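What follows is the residue order along each chain.
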Amino acid sequence: NNLSASCWSCLHPVNMFNSYNVKFHHRKALTSPYPGSHTERSQVPEDKVGWLTEWEDYNPVEYTAKSVLAGPSWADPQINDEGFSPKFNERDGEVERKSLNGLYMVENGRPRNPVGRTGLTGRGLLGRWGPNHAADPVVTRWKRDGSGNKVAHPVSGKNILQFVAIKRRDCGEWAIPGGMVDPGEKITATLKREFEEEALNSLQKSPEEKAKLEKQLQKLFNQEHFVVYRGYVDDPRNTDNAWMETEAVNYHDETGEMMDNLPLEAGDDAGVVKWVDISDKLELYASHSYFIKLVTEKREAHWSEDPGCEC
C-alpha cells in the first residue's frame, strides 16, 4: 500500500499548498480499515474528496478510538462535553490549534479537514480536534566506503545520502523518527527530544548517559539546518475532523564525525533503528518518502536511476 514519492503525489487530483508551495493530496487518509481497528471508512470517490464538490448523500462513519475517549492528558474531550469550548484557528492556552496551512473551516462545532473528505468523522487515534502537530527530524550523512570516501551511485553518478530510519512498532513501516509536539513545547525541542527517544533510546538511559548523549547531539542540532516541509500530512490516522501536520527539518552531518560516536538504539515507538540508503525505492510511513525526496534535491544527492521520474 506504499508508492514511491516520485509518483504517489500524481495519483489524486485533490490538493492543497503548504507554506513552501508544495502540492498535497489524499491517498493514505482514505485507506481502510482504519489503523488499529476493524472500522471501514465509507467510500469516497476521487471526484468527491474536495469539500467544494456538493455531495448530499455523504455519510461518513463516526469513529474515535477507546484510547482517546479514555481521556489521556494528550487528548481533548468530546466536542459536546460540558466545559469544553476549544478556540479553533488560534492558540488555545498551551494547545496550538492554528494550522500551518492557514484557516480551516469549523462546521457544527467541529473543524473540517482542509484537504477534503476522508470517509470517517470523529478523531480516530488522534488526540486533538483539528490539527495535531508533529515534528520530524531528518538526520542525514553521506554514505562512505572503507577509506572514508563518499560513495556515488553507479547510474545517476550522484553521491548516496543516508538517513536515520526507525521501524514503527504500531504498523511495521519504516519512518523518520518523529513524534508529537507537547503542549507549550517549542518545535526545536520536540525535534531533538523525539530523535533522542526513538533513535537513541534516551528514556532508558541513566541521567549520566543521557547528559552525554545531549552533549554529543548539541553540535548536530545547533548547526545550520533547513526546514524541509511545514504543513498537512497525508496520514492514515486522519479523519474529517482531525488531521496530522508536521514540520520536517534536515540536520546534516557533512563529515559523519558527529554521528560516529552516537550508538543508534531503538526506543519508545521504534522497533528497529538504522542508517538507510536514500532512493526512490524506499517505502515509508505516511508522507515521509516525500520529505526524504525533498532532502535529496536540496543536497543534490542520488534519488532515482531514472532521470525522467520527476512528477
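Before reading on, note that the structure itself is shown above.
Residues numbered from 1 in each chain as written. Predicted model: local features only at pLDDT ≥ 70, side-chain atom pairs only at ≥ 80, totals over all residues. Heavy atoms only, no water.

### Structural notes on the nonpolar core
So, point 1. Formed by 58 residues in total, the largest nonpolar core has its most connected members in Val139, Phe163, Phe195 and Ile292.
So, point 2. The biggest single contributor to this core is strand S14 (residues 242-253), with 6 residues.
So, point 3. Setting aside residues no more than four positions away along its own chain, isoleucine 292 makes contact with Val138, Phe163, Ile176, Ile278, Leu282, Leu284 and Trp303.
So, point 4. Residues Tyr34, Ala65, Val68 and Ala75 belong to the second largest nonpolar core, which totals 6 residues. (Core = buried A, V, L, I, M, F, W, Y, C linked by side-chain atoms within 4.5 Å. Buried < 20%, exposed > 50% of the residue type's maximum accessible area, 1.4 Å probe, protein only. Helix = DSSP H or I, 4+ residues; strand = E, 2+ residues; numbered from the N terminus. Contact = heavy atoms within 4.5 Å.)

### Some remarks on the environment of alanine 242
So, point 1. Structurally, alanine 242 can be placed in strand S14.
So, point 2. Residue classification places alanine 242 among the buried residues on the basis of a relative accessible area of 0%.
So, point 3. Remark: the alpha-carbon pair of alanine 242 and asparagine 132, spanning 110 residues in sequence, is separated by 7.1 Å.
So, point 4. Ignoring sequence-local partners within four residues, the contact set of alanine 242 consists of Gly122, Arg123, Leu126, Arg128, Gly130 and Asn132.

### Thoughts on the pairing of strand S10 (residues 161-168)
So, point 1. Taken across its 8 residues, S10 has 7 buried, putting it largely inside the fold.
So, point 2. Direction of pairing for strand S9 (residues 130-142) relative to S10: antiparallel, over a ladder of 3 bridges. Looking across to S10, one finds that arginine 141 is bridged to glutamine 162.
So, point 3. Where S10 meets strand S15 (residues 270-277), 7 bridges bridge the pair, whose relative direction is antiparallel. (Pairing = 2+ DSSP bridges.)

### A few points about helix H3 (residues 187-199)
So, point 1. If you check H3, its first and last C-alpha atoms are 18 Å apart, about what 13 residues at 1.5 Å a residue would give, namely 18 Å.
So, point 2. Most of H3 is tucked away: 10 of the 13 residues are buried.
So, point 3. Those residues of H3 not exposed but buried are Thr190, Leu191, Lys192, Arg193, Glu194, Phe195, Glu196, Glu197, Glu198 and Ala199.
So, point 4. With its phi angle positive at about 55°, asparagine 201 sits one or two positions after the end of H3. (Expected span 1.5 Å × (residues − 1).)

### Describing the pairing of S9
Note on strand geometry: in a regular strand, side chains alternate between the two faces of the sheet.
So, point 1. Counted residue by residue, S9 has 13 buried out of 13 residues, so it is predominantly covered.
So, point 2. In this sheet, S14 lies alongside S9 in parallel orientation, the contact comprising 12 bridges. Looking at the pairing, proline 131 lines up with tryptophan 243 of S14.
So, point 3. Across 2 bridges, S9 lies against strand S12 (residues 179-180) in antiparallel orientation. Following the sheet pairing, alanine 134 is matched in S12 by methionine 180.

Geometry only, nothing functional implied.
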